[in-house]
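So the chains spell out like this:
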Amino acid sequence: MTLGTICSSHLSGWICTAYSLGGWPVSFYTYGVFGFLWLLIWATLIYETPSTDPLITKNELKYFNNTEQKANVKYTSVPWKDIFTSPAVWAVAIGYTAYDFGWYLAITEFPIFLSSILGYDARKAGFLTSVPSLVRLPVVLMSAFCADSVIRRDILSILNTRKLFVVIDLGVSSVCFIVLSQVGESVVASMLLIILIFCAFGFNPASLSTNALDLSPKYSGIIIGVVIMVSSTTGFVGPFILGELITHNNTFGQWSILFMITSAVLFFGMVFFLIFGDAEEQGWSPATDPGEMKVLLNKIESSDSAISE
């Protein structure tokens, strides 16, 4: 996703200034074609089960079959009521919605800010927008590694690790938005703050995105799926607010209001998670016996060895 943001930011700026190609409408057609091509590739290469995939090798199929038999997965009904009434799940939902509000605003509105307020043309604005995403990429990888190291070495508990990274993710970005609303039209200060915002957002995969797995390994996919479905609505809320603010008065003062609103949303999401966040597997989640899991892993490793031989 980060690589996609980097490439699309730069490419969109170039397309929008390529008037001989048709200008900005062409960018929509371009990504529409990319999406359709991806759909064709996905529909061609994805199969319902490993056994129906014509490209799978015999060893790979044997591995999947052995793993499935050893796992002995039991399917149960989803405890929807328990999930939707869980304070810990709401902490993830509120925190992630706050994050998405800031994230979508950053990737969609910062190019407009650079162009309309700081005076860059679309091509330069697109390139400058790709720089923070490029800097964010190693931060994402580093944050995951650091979180695992902190937990594995018992420096902090899982919950405190998640909360620390949420403070960096939402708290630092909140402060940066406040400062951004006060620096005026300083290009250097604005770019540094934008880069810091993107870097802070890089800590999300090791905090909010992972927390659903802490709460319920079995239902984590359902939880994060519902959360992202709801939080993605902020992708049009932010632009709508901006449109209301700058349609008739596109000044830095109006953008400052948007930045302060974003800061408040991020801060609220952080506080809510710090109060209600949890990292223990919830009572409504089917508990996994560590002893059984160890036996299962040993059996899978044995299968791996037999297959490799």
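The rules behind each value
- Residues numbered from 1 in each chain as written.
- Predicted model: local features only at pLDDT ≥ 70, side-chain atom pairs only at ≥ 80, totals over all residues.
- Heavy atoms only, no water.
- Helix = DSSP H or I, 4+ residues; strand = E, 2+ residues; numbered from the N terminus.
- Buried < 20%, exposed > 50% of the residue type's maximum accessible area, 1.4 Å probe, protein only.
- Contact = heavy atoms within 4.5 Å.
- Areas by Shrake-Rupley, 256 points an atom, 1.4 Å probe, with all protein chains shown as cover.
- Salt bridge = Lys/Arg side-chain N within 4 Å of Asp/Glu carboxyl O.
- Expected span 1.5 Å × (residues − 1).
- Arc of directions from axis to C-beta.
- Phe/Tyr/Trp six-rings, centres within 6.5 Å; stacked < 30°, edge-to-face > 60°.
- Disulfide = S-S within 2.5 Å.
- Axes fitted to C-alpha atoms, helices over the stretch in contact; angles between N-to-C directions.
- Parallel < 35°, antiparallel > 145°, perpendicular 65-115°, else oblique.
- Left-handed = near helix turned anticlockwise from the far one by under 90°.
- Nonpolar A, V, L, I, M, F, W, Y, C, P; charged D, E, K, R; others polar.
- Core = buried A, V, L, I, M, F, W, Y, C linked by side-chain atoms within 4.5 Å.

Novice: Could you clarify how one ought to interpret the overall build of the chain in this entry?
Specialist: Of regular secondary structure, the chain possesses 13 helices and 0 strands. Overall, the chain shows an N-to-C arrangement of helices and strands of α-α-α-α-α-α-α-α-α-α-α-α-α. Within the span of the chain, comprising 309 residues, buried residues form 39% of the whole. Restricting the contact set of the chain to residue pairs at least 6 apart, pairs at least 24 apart contribute 79%. When the accessible surface of the chain is summed, it comes to about 17,100 Å², and 68% of that surface belongs to carbon and sulfur atoms.

Novice: In this structure, what is going on with the pattern of salt bridges? I would like to understand it.
Specialist: If charged atoms from side chains of opposite charge come close, those side chains can pair. Overall, the coordinates contain 1 salt bridge when judged by the stated rule. For Arg162, the salt bridge identified is with Asp214, shortest N-O distance 2.7 Å. Of this pair, Arg162 sits in helix H7 (residues 158–180) while Asp214 sits in helix H9 (residues 208–215), and the two are 52 residues apart along the sequence. On the basis of relative accessibility, which here comes to 7%, the residue Arg162 falls in the buried class.

Novice: Which parts of the structure should I look at to understand helix H11 (residues 234–246)?
Specialist: Because each turn of an α-helix spans 3.6 residues, side chains separated by three or four positions end up pointing in the same direction. Taking 1.5 Å of rise per residue, 13 residues should cover 18 Å, and H11 covers 18 Å from first to last C-alpha, within 8% of that figure. When we look at burial in H11, the residues that qualify are Thr234, Gly238, Leu242, Leu245 and Ile246. Projected onto a plane normal to the axis of H11, the buried residues spread over an arc of 95 degrees and lie on a single side. Summarising the geometry of H11, the exposed residues directed more than 90 degrees from the buried face are Phe236, Phe240 and Glu244. Here the buried face of H11 lies against helix H5 (87–116), helix H10 (220–231) and helix H12 (252–276).

Novice: How do you make sense of the packing of aromatic side chains when you look at a structure like this?
Specialist: Note on aromatic pairs: each is described by the distance of the centres and the angle between the planes. Counted according to the given criterion, the structure contains 19 aromatic pairs. Seen from their ring centres, Trp80 and Phe84 are 6.0 Å apart, and the 15 degrees between their planes marks the pair as stacked. Here Phe84 and Trp80 lie together in helix H4 (residues 80–84), a separation of 4 residues that amounts to about one turn. Residue classification places Trp80 among the partly exposed residues on the basis of a relative accessible area of 41%. Seen in terms of ring centroids, Phe113 and Phe252 are 6.3 Å apart; in terms of plane orientation they differ by 45 degrees. Their pairing is tilted. Of this pair, Phe113 sits in helix H5 while Phe252 sits in helix H12; the two residues are 139 residues apart in sequence, bridging distant segments of the chain.

Novice: What exactly am I supposed to notice about the side chain of Ser181 here?
Specialist: Structurally, the position occupied by Ser181 is in the loop between H7 and helix H8 (187–201). According to the relative accessible area criterion, Ser181 is buried, its value standing at 4%. In contact with Ser181, other than residues within four places in its own chain, are Phe252, Ser256, Phe259 and Met260.

Novice: It is not clear to me how the state of the cysteines should be interpreted in this structure. Could you clarify?
Specialist: Every disulfide links exactly two cysteines, by a covalent bond between their sulfur atoms. Applying the stated criterion across every chain, the model contains 0 disulfides. For Cys176, which is in no disulfide, the shortest distance to another cysteine sulfur is to Cys199 and amounts to 9.2 Å. On the basis of relative accessibility, which here comes to 7%, the residue Cys176 falls in the buried class. A relative accessible area of 15% places Cys199 in the buried class.

Novice: I would appreciate a short explanation of the packing of H7 against H8 in the present structure.
Specialist: A pair of packed helices is characterised by two quantities: the angle between their axes and the separation of those axes. The interhelical angle for the contact between H7 and H8, taken along N-to-C directions, is 165 degrees, at an axis separation of 8 Å. Taken together, the axes of H7 and H8 are roughly antiparallel relative to one another. Once H7 is placed against H8, the crossing between them reads as left-handed. Two secondary-structure elements touch here, H7 through Ile168, Asp169, Val172, Ser173, Cys176, Phe177, Val179 and Leu180 and H8 through Ser190, Leu193, Leu196, Ile197, Ala200 and Phe201. Of the residues in the contact of H7 with H8, the class split is 11 nonpolar, 2 polar and 1 charged.

Novice: Would you explain the nonpolar core in this entry?
Specialist: Taken as a class, soluble globular proteins show a tendency for nonpolar side chains to be buried jointly. Counting 48 residues, the largest nonpolar core has Phe110, Phe177, Phe201 and Trp255 as its most contacted members. Those elements that provide at least two residues to this core are H5, helix H6 (122–152), H7, H8, H9, H10, H11 and H12. The element best represented in this core is H5, accounting for 13 residues. In contact with Phe177, other than residues within four places in its own chain, are Gly102, Leu105, Phe110, Ile197, Phe201, Phe259, Thr262, Ser263 and Leu266.

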